[in-house]
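Observations on the three-dimensional arrangement
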Amino acid sequence: MKLSQLRIASEQSGALITILVVAATNAWLLIGSERTSTTNIVAIMLCFVLFSFGFLLITQDKPFGKSEVIRSVLVGIEYALVLVLFALSPMTFNAILLVIWSALLPYFMPFKRALLLSPIWSAVPWLVYSWVWQANSSLWINALLFWTFNLFALVMMESRKNAERQTERAEEANRELRALQDLMQQASRKDERTRIARDIHDLVGHHLTGLSLHLQVASRTASPDQRQTIDQCLSIAKLLLADVREAVSDMREFNQLDLLQALDALTEPLKNKIRVEVDCQTDISNLTLLQATNLLRCIQESLTNTMRHSKADELVISIYKKSDQLCIDIKDNGASANSNNVIQGNGLKGIQERISELNGSATFINSGEGFHTLLTLSEAK
């Protein structure tokens, strides 16, 4: 099980144990009480069960497919259950459930808004309690104390959310750094092999060519008993020259950048979070370093947007040629609005700028089937 899953499971267990203790305490104190009927006790226990079930659904990684609306509705239902509990049970410690509910809010509304609204949603349950149970003035001391607990839960969960965001950004930067490092190492090896190939061709090839010419002259002027030995040396020199030329050609031919290797370094750490499929239908070994670097960063940005916004579980990267152009087709299966009106944030603008630097174009399509990015650029010569 992944570390994040273990953390979620432990937090869920802690919350559920707290809910169970509060429910059990209610049952123990209310059974036999003249203020609460058996029907009310059953209703109270049912509220605790529904609250626990709703909490589990809300805190799942991807409940109900990809619908955030359902989770928001469940948060509203959870608050309604808290109000019902305050109306049915005279136990003020039921406000602990409101603290648990408060911890969910930073994931569903901006922190500042939740902070400003906290006095309202913290006071409403106590107003219900005061109206139903005709409580005395000391009730509002408890209300004030539990409001501070709600604020504490809000601040702690907001801090955790910010920490998660910083961790995700650090992981993204680390993945991009590894992929770019792979490209830089390839480029460095390419430059070194090119220098070696050029030196071999210019120096060793030049000297072998000169040696062959001198041996040809020597063969014509030498005595018959020496000519056979000189001709053998000439044959060896020509063979060496041919081997040198073949070695230089091989070094230049295989001295190319491997974008797919860099993509593998980029996506390998994410195999437990999202399935990334790379379908390369053409040869891309002739990409320049600038082209490979910009394309890698564009794909990295698309991958980041997919994981951060669309909550997809699959991303397909198709690479092919069409009308003398190289096409990189990036599609996810995430949830997105069924509209072609794409609002370009900094990430999409960065993709547009990097492709424009290569004299290419970027097209973004937002549909009900996911987000689609199409990058096209002229084939590298």
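Comments concerning the pattern of salt bridges
Per the stated rule, a full pass over the model turns up three salt bridges. For K161, the salt bridge is made with E158, and the minimal N-O distance between the two is 3.6 Å. Of the two residues, K161 and E158 both sit in helix α6 (residues 139-221), three residues apart, roughly one turn of that helix. Given a relative accessible area of 12%, E158 falls into the buried group.

Remarks on the UniProt feature "transmembrane region" (unreviewed entry) in the protein
Here, the residues flagged by UniProt with the feature "transmembrane region" (unreviewed entry) are residues 12-31, 38-59, 79-102, 114-133 and 139-157. Between the end C-alpha atoms of residues 12-31 the distance is 28 Å, and the span holds 95% helix and 0% strand. Along residues 38-59 the backbone is 100% helical and 0% strand, and the end-to-end C-alpha distance reaches 32 Å.

Thoughts on the environment of Q60
By the secondary structure assignment, Q60 is in the loop between α2 (38-59) and α3 (68-88). Separated by 48 residues in the primary sequence, Q60 and Q12 place their C-alpha atoms 9.2 Å from one another.

Considerations on the packing of helix α4 (residues 95-102) against helix α5 (residues 111-133)
The contact between α4 and α5 brings their axes to 11 Å, and the two run at 160°. In terms of axis orientation, α4 runs roughly antiparallel to α5. The interaxial crossing formed by α4 with α5 has right-handed handedness. Each of A95, L98, W101 and S102 in α4 lies in contact with α5, whose residues at this interface are W121, S122, P125 and W126. When grouped by side-chain class, the residues that make up the contact of α4 with α5 number six nonpolar, two polar and no charged.

What counts, and at which threshold
Residues numbered from 1 in each chain as written. Predicted model: local features only at pLDDT ≥ 70, side-chain atom pairs only at ≥ 80, totals over all residues. Heavy atoms only, no water. Salt bridge = Lys/Arg side-chain N within 4 Å of Asp/Glu carboxyl O. Helix = DSSP H or I, 4+ residues; strand = E, 2+ residues; numbered from the N terminus. Buried < 20%, exposed > 50% of the residue type's maximum accessible area, 1.4 Å probe, protein only. UniProt positions renumbered as here; feature names shortened; annotations may be inferred. Axes fitted to C-alpha atoms, helices over the stretch in contact; angles between N-to-C directions. Parallel < 35°, antiparallel > 145°, perpendicular 65-115°, else oblique. Left-handed = near helix turned anticlockwise from the far one by under 90°. Contact = heavy atoms within 4.5 Å. Nonpolar A, V, L, I, M, F, W, Y, C, P; charged D, E, K, R; others polar.

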